[in-house]
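Read off the chains here:
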Amino acid sequence: MTTPFSGTVDEVPAEETYALRRAVLRPDGGDVVWAGDEDPATFHLAARTPDGHVVGVVRFSPAPCPWRAAAHPWQLRGMATDPALRGGGSGRAVLAAGLAAVSARGGDLVWCDARLSAAGFYVRTGFTVVTPEPYDKPGIGPHVGMLIELSGAGANRSS
Ligand SMILES: CC(C)(COP(=O)(O)OP(=O)(O)OC[C@H]1O[C@@H](n2cnc3c(N)ncnc32)[C@H](O)[C@@H]1OP(=O)(O)O)[C@@H](O)C(=O)NCCC(=O)NCCS
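Read on for a plain summary of the structure.

Cut-off values and rules
- Residues numbered from 1 in each chain as written.
- Predicted model: local features only at pLDDT ≥ 70, side-chain atom pairs only at ≥ 80, totals over all residues.
- Heavy atoms only, no water.
- Helix = DSSP H or I, 4+ residues; strand = E, 2+ residues; numbered from the N terminus.
- Buried < 20%, exposed > 50% of the residue type's maximum accessible area, 1.4 Å probe, protein only.
- Contact = heavy atoms within 4.5 Å.
- Areas by Shrake-Rupley, 256 points an atom, 1.4 Å probe, with all protein chains shown as cover.
- Salt bridge = Lys/Arg side-chain N within 4 Å of Asp/Glu carboxyl O.
- Phe/Tyr/Trp six-rings, centres within 6.5 Å; stacked < 30°, edge-to-face > 60°.
- Lys NZ or Arg CZ within 6 Å of the ring centre and 35° of its normal.
- Near = heavy atom within 4 Å.
- Polar contact = N/O pair within 3.5 Å; in protein donor to acceptor, adjacent residues only side chain to side chain.
- 1 Å grid on protein atoms, 1.4 Å probe; cavity = no way out; pocket = protein on both sides within 12 Å on 5 of 7 lines; lining within 4 Å.
- Sits in = over half its atoms within 2 Å of the grid points.

1. Notes on the overall build of the protein chain
Looking only at helices and strands, the protein chain has three helices and eight strands in total. Reading the helices (α) and strands (β) of the protein chain from amino to carboxyl end gives β-α-β-β-β-α-β-α-β-β-β. Dimensions of the protein chain, computed from C-alpha atoms along their principal axes, come out at roughly 40 × 35 × 35 Å. In the protein chain, which comprises 159 residues, the proportion classed as buried is 43%. In the protein chain, 65% of the contacts between residues at least 6 apart in sequence involve partners at least 24 apart. Of the roughly 8100 Å² of accessible surface on the protein chain, a fraction of 53% belongs to carbon and sulfur atoms.

Below, the structure written as structure tokens:
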């Protein structure tokens, strides 16, 4: 397993994630401000090195899962690690923090459209591929549907 990330992971405003989204996820242009970023239920996490640099970001928001019924499904989007820090454990750290935060909010499942090139990362962090074949997202490339069911959800569920 990778060395645990030595920085911090905190909830941040959406705009703190945009620089990494732009550099890593939309290097050829394209919107980095997405519908739902400012929804009250949406939250964003950032991993920072001890000197304060944001090196990893992710977003979670409540959304129906396309592939599996769940009472309180959430979607993961905008997962990105600074290329200089890849393999340094920050991806795992923000994802683990996000799953814990979703569970604390009552979520019972997290799903994502995973880039095929990142599917191994999600598998390493507990997700399962649930679509039979990769599908294309125009301008981005092949994806697979992935999800993780969360145990212990419900302690703080409000609805
Ligand atoms: C995918 C990504 C977020 C992973 O972040 P990271 O900080 O490098 O991940 P970590 O260092 O925490 O790695 C956690 C584990 O996943 C593995 N891993 C990381 N990226 C992987 C990949 N692309 N394929 C397979 N395994 C991968 C690591 O080896 C590590 O495994 P280990 O703990 O067993 O040693 C990062 O590579 C990235 O930003 N990629 C480009 C953008 C992207 O594709 N985002 C996802 C969009 S759906």
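2. Section: the pattern of salt bridges
Evaluated as defined, the whole model comprises six salt bridges. Here glutamate 16 ties to arginine 48 by a salt bridge, and the two come within 2.6 Å at their closest N and O atoms. Here arginine 48 lies in strand β2 (residues 43-48) and glutamate 16 lies in the loop between β1 (8-12) and α1 (18-25), a separation of 32 residues in the sequence. With its nearest N and O atoms 3.7 Å apart, the salt bridge here joins aspartate 113 to lysine 137. Of the two residues, aspartate 113 sits in strand β5 (residues 109-115) while lysine 137 sits in strand β7 (residues 135-137), which places them 24 residues apart along the sequence.

3. What about the packing of aromatic side chains?
Counted according to the given criterion, the structure contains five aromatic pairs. Between phenylalanine 43 and phenylalanine 60 the ring centres are 5.3 Å apart and the planes differ by 20°, which places this aromatic pair in the stacked class. One end of the pair, phenylalanine 43, is in strand β2; the other, phenylalanine 60, is in strand β3 (residues 54-62), and 17 residues separate them in sequence. With a relative accessible area of 1%, phenylalanine 43 lands in the buried category. A cation sits over an aromatic face here: arginine 21 above tryptophan 34, 3.8 Å from the ring centre.

4. Brief notes about the site of the ligand
In the vicinity of the ligand lie 23 residues, with Met79, Thr81, Gly89, Arg92 and Arg124 positioned nearest. With respect to the ligand, the backbone of serine 117 contributes an N or O atom lying 2.9 Å from a nitrogen atom. Between an oxygen atom of the ligand and a side-chain N or O atom of arginine 124, the distance comes to 2.4 Å. For the ligand, whose unbound accessible area comes to 900 Å², protein coverage reaches 79%. Most atoms of the ligand, that is more than half of them, are within 2 Å of grid points of the largest pocket.

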